[in-house]
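# Geometric and topological summary
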Amino acid sequence: MTFASLGLIEPLLRALETLGYQTPTPVQAQAIPAVLAGRDLMAAAQTGTGKTAGFALPLLQLLTMEGPKVAANSARALILCPTRELAEQVHASVAEYAQHLPLTTYAVYGGVSINPQMMKLRKGVDILVATPGRLIDLFRQNALKLNQLQTLVLDEADRMLDLGFSEELANIYRMLPKKRQTLLFSATFSDDIRLLAGQMLNDPLSIEVSPRNVAANTVKQWVVPVDKKRKPELFVHLMRKGRWKQVLVFAKTRNGVDALVDKLQGLGINADGIHGDKPQATRQRALDRFKSSDVQILVATDVAARGLDIEDLPLVVNFDLPIVAEDYIHRIGRTGRAGNTGEAISLVCADEVNMLSAIEMLTRQTLTRQMEQDFEPEHRVPETDASGQVVKKPKKPKKPKASGGGGGKRNLGKWVDSGEVAPAEPSIKPVRKVPVFNTGPRKKK
Ligand code: AMP
């Protein structure tokens, strides 16, 4: 199959040729004809499947072929994204695909001054990429009208709900013209996403390009059990042993990012970090330097890493496991993209056993464990498998002392030995509880 056989127009084909896209990915093969035919879409496609081109190419074509010229302070298509980084990334892709078309594109998001965005919107833009909060601000300040909107795209809809944007989405829903085309993309389909889809979409075509909730199978994944306090040391050891060149590392918290970056920099390792506390410009700079290989190790939190698109990223390291199992899929989606192979290594300590179990259950696979010599944990990481079971191996009962008479104190059925670290997290459910999308009136706080 070729992009031409999907009915794409010549200026788009030319842009794809420049980008080196030869064959449509499965999501593109299904989405492009459906969107061109005007259908609403509900697509289960994780990052790395080529979903951006899947919606952007037909969208650009429809805007070129149909509809009036964009009016002042208006947008003809709106792409909603959960984070600034993803908005930037999607906008960059859209702009590349649109390079030979007479269309205007722009991205707006929070964390930067609103004034330049208001100025830019004065003439109107054909395709606006936005995060929900900033979009609402612009709308309320009359910098943006949505009555000319033809198409709405909800990109990474699951993530938008996870980040607590359900109220914003409900507000945006009320601003939209009733007659429009709506495309919803989501890595996972929880009940809340289905509810959102039920409200936003009209007779949608469902597309599922990879089995639900299963991580990309081009990624080789394994786990190295280790004691928590030895993780930094193990990381450096593995890095040197494996001669890692470009690694994206995930840490659970902002402090965790800073601590690891400090530690690595202290050892003379070229590392930088991104998290939500850092200004947007600093995050973008770190990302650009990582992409251009000026930075070797980029340490990130989950939120900051959304939307990072680094071609051929060979390796992702989970320095900490994510608290929410679905984030594991997003994280490892950074490698093994568009058919390339990748590796994802997770450093797992005893505290994280419930998270590991939740990930294995969600991805329906038991992750291979590979013990690293000299780093065998003192605090055993209990056995887990894809059934979600944590095997609670009891500590061997102490042998009765010869003179003691009554026998040792039994500890059967208790998998956390007195010397072990108890799991810090409450039991982690494999699927995140997300706020229910609510189209009703905004609750008074
Ligand atoms: P996405 O899932 O949209 O984030 O895309 C993942 C990566 O695949 C991006 O780097 C795209 O540029 C690339 N890509 C998307 N479609 C194709 C294609 N048909 N051929 C080659 N690369 C592609």
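To be clear, the structure that these remarks concern was listed above.
Residues numbered from 1 in each chain as written. Predicted model: local features only at pLDDT ≥ 70, side-chain atom pairs only at ≥ 80, totals over all residues. Heavy atoms only, no water.

### A few points about the pairing of strand 1 (residues 41-44)
Of the two faces of strand 1, both are covered, the one formed by Leu41 and Ala43 as well as the one formed by Met42 and Ala44. Alignment of strand 1 against strand 6 (residues 181-186), held across four bridges, turns out to be parallel. Within strand 6, the residue paired with Met42 across the bridge is Leu184. Relative to strand 7 (residues 205-208), strand 1 runs parallel, the two sharing four bridges. Across the sheet, residue Ala43 finds its bridge partner in strand 7, namely Ile207. (Buried < 20%, exposed > 50% of the residue type's maximum accessible area, 1.4 Å probe, protein only. Helix = DSSP H or I, 4+ residues; strand = E, 2+ residues; numbered from the N terminus. Pairing = 2+ DSSP bridges.)

### What about the pattern of salt bridges?
Here the structure, examined in full by the defined rule, presents twelve salt bridges. For Glu10, the salt bridge is made with Arg14, and the minimal N-O distance between the two is 2.9 Å. In this pair, Glu10 and Arg14 are both assigned in helix 1 (residues 10-19), four residues apart and thus about one turn of the helix distant. Glu10 gets classed as partly exposed once you look at its relative accessible area, which sits at 46%. By relative accessible area, which is 38% here, Arg14 ends up partly exposed. Between Lys228 and Asp351 there is a salt bridge; the shortest N-O distance is 2.9 Å. Taken together, the residues Lys228 in the loop between strand 8 (219-225) and helix 10 (231-241) and Asp351 in the loop between strand 13 (342-348) and helix 15 (353-363) connect sequence positions 123 residues apart. (Salt bridge = Lys/Arg side-chain N within 4 Å of Asp/Glu carboxyl O.)

### Details of the packing of aromatic side chains
Aromatic ring pairs are described here by two measures, namely the spacing of the ring centres and the angle between the planes. In this structure the tally under the stated criterion is four aromatic pairs. Taking 5.6 Å as the distance between ring centres and 65° as the angle between the ring planes, the aromatic pair formed by Phe235 and Trp244 counts as edge-to-face. On the basis of an interplanar angle of 75° and a centroid distance of 6.4 Å, the ring pair of Phe235 and Phe319 is categorised as edge-to-face. Placement of the pair is Phe235 in helix 10 and Phe319 in the loop between strand 12 (315-318) and helix 14 (325-332), with a sequence separation of 84 residues. No difference in accessibility class separates Phe235 from Phe319, as the two residues are buried. Members of the aromatic cluster, each reached through a chain of ring pairs, are Phe235, Trp244 and Phe319. (Phe/Tyr/Trp six-rings, centres within 6.5 Å; stacked < 30°, edge-to-face > 60°.)

Note that every value here comes from positions in space, so none of it alone points to a role or purpose.
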